[in-house]
Amino acid sequence: MPEVLEEKTAPKRGPILKKPEVLAPAGSLEKLKIAVHYGADAVYIGGQQFSLRANADNYSYEEMKEGTDFAHAHGAKVYVAANIIAHNEDMQGVEEFFAKLYEVGIDAVIVADPALIEACKKGAPKLEIHLSTQASTTNWQSVQFWKDEGIARVVLAREVSFEEIRKIKEKVDVEIEQFIHGAMCPAYSGRCVLSNHMTARDSNRGGCCHSCRWSYDMYENPEEANQHATVSGEGDNPFSFSSKDLSMIEHIPEIVESGIDSLKIEGRMKSVHYVATVVNAYRQAIDAYCADPDHYQLDPHWVEEIHKAAHRSTTTGFFYDIPGPEDHLYGEAESLAEYDFAGLVLDYDADNRIATIQQRTHFKLGQEVEFFGPGNRFFRQAIQEMWNDEGQEIEKAPHPLMVVKMRVEQPVSAWDIMRKHK
Amino acid sequence: MRKPELLIAAGNLTEVKQYLEAGADAITVGTERYGLRLPGTMTLEEMQQAADLVHAGGKKLYASVNGLLHNNELEGLEEYLAQLHEMGVDAIEYADPAVLMTAKHTIPNMPLHWNAEIIATSFHTIGYWATKGIQRAVLSRELNMDEIMQIKEEACDLEIEVQVHGMSCIFHSKRPLVSSYFHHLGKNAVIEGKGKERGLYLKEEKREDIFYPVYEDACGTHIMSAEDVCILDNLDELMEAGIHSFRVEGLLKSMEYNETVLRVYREAIDAYAKDADLFFDQLDTWKERLEEKQDPKRPLTTGFYYKELVF
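Owing to the predicted nature of the structure, the values given are computational and were not obtained by experimental measurement.

Enquirer: Which residues make up the overall build of chain B, and what values do they have?
Expert: The secondary structure content of chain B amounts to eleven helices and 14 strands. Taking 2.2 N^0.38 as the reference for a compact globule, 311 residues should give roughly 19 Å; the C-alpha atoms of chain B span a radius of gyration of 19 Å, in line with that estimate. Its C-alpha atoms give chain B principal-axis dimensions of roughly 60 × 50 × 45 Å. In chain B, which comprises 311 residues, the proportion classed as buried is 55%. The long-range fraction of contacts in chain B, counting pairs at least 24 apart against all pairs at least 6 apart in sequence, stands at 65%.

This is the structure we're talking about:
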């Protein structure tokens with residue numbers, strides 16, 4: 001039986017030493033610290049200019065410095081997204097901006113527009129440049145082009161498959177970054193100006209108003225005005241572009257074996273709870289696979305955890321095939337995230353099993369909560385006893401950021417997160 | 001004054017003939033494998049005939065190779081570019097750097113037009129591609145007149161092309177969104193009609209009377225603007241600025257409509273080049289001729305030429 005023989009003679013694989021980087025979104029300084037604590041090898045943030053998330057809490061230089069110092073102290077890197085498609089007027093001060101980033105210790109910038117690449121080379125010649133997914137790089141020769149231009153890393157378009165990624169890695173010796181988790185533009189990123197046309201907001205300069213998540217009716221061409229025939233019938237869902245969210249947690253072996261150097265999680269606008277939960281799951285899965293690829297098994301707990309922070313149902317995007325109807329959302333918008341970030345553990349008194357917790361969403365006695373921390377620490381309990389900062393017993397914690405003490409059933413530590421059902 | 005070029009894409013040889021007849025100075029053609037949003041796909045033989053027709057009239061033929069290419073499309077690209085060169089194509093329009101690289105290597109003397117549509121928004125970016133040897137940049141449709149003027153000023157001897165008439169692509173996805181929706185509805189039988197010929201369009205639920213044409217082809221799903229740009233009123237400004245090429249976007253329009261548009265712009269360009277008064281005197285008549293042919297659902301507007309964007 002040749003199959004059995006083959007199995008027996010297959011060489012045992014040792015640990016994989018070159019692990020791919022886990023790259024997490026850090027829309028604020030707090031999220032940066034959480035991401036690093038939960039195992040991100042690198043985070044990406046936005047400055048106050050030149051970034052596509054106009055509504056994120058973008059970083060001042062002082063905050064960037066603090067974040068970078070913190071990340072570096074923990075062996076993590078910080079990248080700054082400067083991924084707008086610039087108009088003439090936007091280029092003012094851009095060289096100084098890159099010089100300043102280099103000065104505060106940023107490890108790389110993520111840029112989409114060649115105008116900003118050139119400005120970065122001038123303003124901060126030693127600053128590493130990554131090409132953003134907004135540049136829609138979809139083939140190995142374009143990757144080669146950008147490598148020749150001095151780009152250290154290319155974030156591929158989300159439209160490339162595993163097979164294409166493997167070929168790109170084979171043909172070009174340059175770092176490849178790919179999104180593995182989070183929301184996706186249904187368009188080739190950057191090739192969409194729905195916002196410009198529908199709301200006069202420039203999507204490629206941070207003004208995207210997510211028109212692709214709205215509902216549309218599809219019509220056949222009418223012969224005369226006001227004589228429209230909808231394609232759909234009574235009771236049918238309207239047309240939708242809306243994609244399910246990407247999640248590759250169940251495909252870690254292929255992700256690692258494909259040779260992608262950096263695994264990117266989407267979501268600079270997402271919550272602390274999302275960052276902690278998602279980073280934690282991927283960190284554990286990648287570590288487990290790389291430690292012993294032959295005996296790797298997907299832990300269902302990681303998948304459950306990811307779902308607790310999910311906003312939509314999930315898909316594997318373009319990794320295996322071009323997305324079809326089952327990869328899109330039709331009908332009512334989903335709101336899956338059933339859990340709230342209830343509190344952040346600031347401190348733990350092991351002798352008395354009492355945690356000091358900063359409130360993030362109100363909670364009260366008797367409520368069931370979950371605690372989790374970096375790695376596989378996780379437990380569930382009902383809230384039994386709580387005290388305010390003056391030591392008085394309380395029944396509920398209604399005020400944002402109020403600090404309470406709580407008896408916990410298992411050890412916790414600072415940076416652990418307490419979540420509760422919505 | 002030097003007259004700007006009047007350019008339109010043609011999807012077949014009849015269109016090539018008719019558009020030349022209607023006054024086009026340059027025609028763009030291509031094949032669906034490499035060109036985006038073409039009015040029709042042509043074989044190499046047809047393109048050769050198009051080249052002969054165009055050159056016989058002293059006009060120019062450009063090949064549209066402006067797709068976002070995946071690894072598969074790279075196979076055969078070199079050969080295709082060499083064939084385009086051989087048939088005498090006057091320039092190649094590209095968007096993907098892979099095409100630039102291949103062209104520089106295979107046909108180093110071929111003029112290149114950077115036509116990436118949405119992302120051609122600053123003179124800095126255009127200047128970057130100029131250092132890579134392009135001869136022309138096709139500007140984004142989402143720029144205003146001041147931005148265009150500044151780009152023209154800063155672009156030095158680089159040729160600048162703008163769209164003067166028609167719709168523009170506002171969304172391009174690799175996803176087959178139209179057939180996915182039909183599958184979702186369970187209407188497998190009608191999936192055949194998902195392309196340009198079907199005349200599908202989208203209306204956002206809360207926005208009345210705004211219709212976005214949508215179609216699907218081998219490159220994915222394309223959504224087009226709800227309005228047709230018509231910059232006839234301000235053509236003088238574009239001509240005074242020395243914009244090199246005026247593109248008429250003829251996609252999703254009848255040949256007859258496009259011929260009317262070409263004739264009007266032909267007359268307008270010629271008139272202004274001769275005498276400004278001649279141009280202004282006839283503006284209203286030209287506009288009436290365009291309005292007559294215009295789909296009442298699709299207003300003629302100045303697009304982004306005089307619009308302020310926020311972000």
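That shown, we press on.
Enquirer: Break down the packing of helix H4 (residues 94–104) of chain A against helix H5 (residues 114–123) of chain A for me, citing the residues and quoting the values.
Expert: Residue and element names in this part refer to chain A. Where H4 contacts H5, the two axes come as close as 8 Å, and the packing angle between them is 60°. In terms of orientation, H4 lies oblique with respect to H5. Relative to H5, H4 is oriented so that their crossing is right-handed. Residues Val94, Glu95, Glu96, Phe98 and Ala99 of H4 lie in contact with H5, whose contacting residues are Leu116, Ala119, Cys120, Lys122 and Gly123. The residue inventory of the contact of H4 with H5, partitioned by class, reads six nonpolar, one polar and three charged.

Enquirer: Give me helix H4 (residues 77–86) of chain B: which residues, what numbers.
Expert: Residues and elements named next belong to chain B. When we look at burial in H4, the residues that qualify are Leu77, Tyr80, Leu81 and Leu84. Down the axis of H4, the buried set is contained in an arc of 95°. They therefore lie on one face. Turned more than 90 degrees off the buried face of H4, the exposed positions are Glu79 and Glu86. Looking at the buried positions of H4, the neighbouring elements they touch are strand S3 (60–65), helix H3 (71–74), strand S4 (91–94) and helix H5 (97–106). Among the residues trailing H4, Gly88 stands out with phi positive, at a value near 90°.

Enquirer: So what's going on with the pairing of strand S3 (residues 77–82) of chain A? Which residues, and what values?
Expert: Residue and element names in this part refer to chain A. With six of six residues buried, S3 lies mostly within the body of the structure. What you see with S3 is no split at all: Lys77, Tyr79 and Ala81 on one side and Val78, Val80 and Ala82 on the other are buried throughout. Both strand S2 (residues 42–46) and S3 contribute to a ladder of five bridges, which runs parallel. Bridging from a neighbouring strand, Ile45 pairs with Val80 of S3. Pairing of S3 with strand S4 (residues 108–111) involves four bridges; the strand directions are parallel.

Enquirer: Give me the lowdown on the sheet that holds strand S18 (residues 386–387) of chain A, citing residues and values where you can.
Expert: Spatially, S17-S16-S21-S13-S14-S20-S18 (chain A) is the arrangement adopted by the seven strands of the open sheet, whose pairing is antiparallel. Bordering the open sheet on either side are strand S17 (378–382) and S18 of chain A, each of which pairs with just one other strand.

Enquirer: Describe the packing of helix H2 (residues 29–37) of chain A against helix H3 (residues 61–73) of chain A, naming the residues involved and giving the relevant values.
Expert: Residue and element names in this part refer to chain A. In the contact formed by H2 and H3, the axes pass within 10 Å of each other and the chain directions differ by 10°. Relative to H3, H2 is oriented roughly parallel. Only Glu63, Glu66, Gly67, Phe70 and Ala71 of H3 make contact with H2, whose side of the interface consists of Leu29, Leu32, Lys33 and Val36. Here the residues of the contact of H2 with H3 sort into five nonpolar, one polar and three charged.

Enquirer: Go over the interface of chain B and chain A, please, and point to the residues and values.
Expert: Tallying the contact residues gives 48 residues for chain B and 59 residues for chain A. Looking at the side of chain B that touches chain A, the elements that each hand over two or more residues are H3, H5, helix H6 (123–131), helix H7 (145–154), strand S8 (169–173), helix H8 (177–185) and strand S9 (201–204) of chain B. Top contributing element to the side of chain B that touches chain A by residue count: H8(B), with six residues. Its residues placed into classes, the side of chain B that touches chain A shows 24 nonpolar, 14 polar and ten charged. Examined bridge by bridge, strand S8 (residues 216–220) of chain A and S9(B) share four bridges and lie antiparallel to one another. Counterpart to A:Asp217 in the pairing with S9(B) is B:Lys203.

Enquirer: How would you summarise the environment of A:Val109 if you had to cite specific residues and measurements?
Expert: Residue and element names in this part refer to chain A. Of note, Val109 is situated in strand S4. Given 26 C-beta atoms within a 10 Å radius, Val109 is considered buried. Remark: the alpha-carbon pair of Val109 and Trp140, spanning 31 residues in sequence, is separated by 22 Å. Ignoring sequence-local partners within four residues, the contact set of Val109 consists of Tyr79, Val80, Ala82, Phe98, Leu101, Cys120, Leu127, Ile129 and His130.

Enquirer: Tell me about the pairing of S4(B), and name the residues and values.
Expert: All names here are of chain B. With burial as the criterion, each face of S4 is covered, one bearing Ala91 and Glu93 and the other bearing Ile92 and Tyr94. In the sheet, S3 pairs with S4 via four bridges, with the strands oriented parallel. Each residue of the ladder has a partner; that of Tyr62, found in S4, is Ala91. Bridge analysis of S4 against strand S5 (residues 112–114) gives three bridges, and the strand direction is parallel. Residue pairing in the sheet places Glu93 in a bridge with His113 of S5. After leaving S4, the chain enters H5 and then returns to the sheet as S5, a path that is right-handed.

Enquirer: Pulling in residues and values, what's your account of the environment of A:Thr315?
Expert: Residue and element names in this part refer to chain A. In this fold, Thr315 is placed in strand S12 (residues 314–315). Assessed through the 21 C-beta atoms surrounding it within 10 Å, Thr315 is described here as buried. Residues Thr315 and Met248 lie 67 residues apart in sequence; the distance between their C-alpha atoms is 8.0 Å. Non-local contacts of Thr315, meaning those with residues more than four positions away in its chain, are made with Ser243, Lys244, Leu246, Pro323 and Asp327.

Enquirer: Let's hear about the sheet that holds strand S9 (residues 229–230) of chain A: which residues, and what values?
Expert: Read from one edge of the open sheet, six strands run S9(A)-S8(A)-S9(B)-S10(B)-S11(B)-S8(B), paired in antiparallel fashion. Looking at which strands have only one partner, the edges of the open sheet turn out to be S9 of chain A together with S8 of chain B. Of the strand pairs in this sheet, strand S10 (residues 212–217) of chain B and strand S11 (residues 220–224) of chain B are connected by four bridges, and their pairing is antiparallel. Looking at S11(B), one finds that B:Glu216 is bridged to B:Thr221. Sheet contacts for H8(B): S8 of chain A together with S8, S10 and S11 of chain B; angle to S10(B), the most-contacted strand, approximately 90°.

Rules of the game
- Residues numbered from 1 in each chain as written.
- Chains lettered and ligands numbered in written order.
- Predicted model: local features only at pLDDT ≥ 70, side-chain atom pairs only at ≥ 80, totals over all residues.
- Helix = DSSP H or I, 4+ residues; strand = E, 2+ residues; numbered from the N terminus.
- Rg over C-alpha atoms; globule rule 2.2 N^0.38 Å.
- Buried ≥ 20, exposed ≤ 12 C-beta atoms within 10 Å, placed from the backbone.
- Contact = placed C-beta atoms within 7 Å.
- Axes fitted to C-alpha atoms, helices over the stretch in contact; angles between N-to-C directions.
- Parallel < 35°, antiparallel > 145°, perpendicular 65-115°, else oblique.
- Left-handed = near helix turned anticlockwise from the far one by under 90°.
- Nonpolar A, V, L, I, M, F, W, Y, C, P; charged D, E, K, R; others polar.
- Arc of directions from axis to C-beta.
- Pairing = 2+ DSSP bridges.
- Right-handed = clockwise from strand over helix to strand, strands pointing away.

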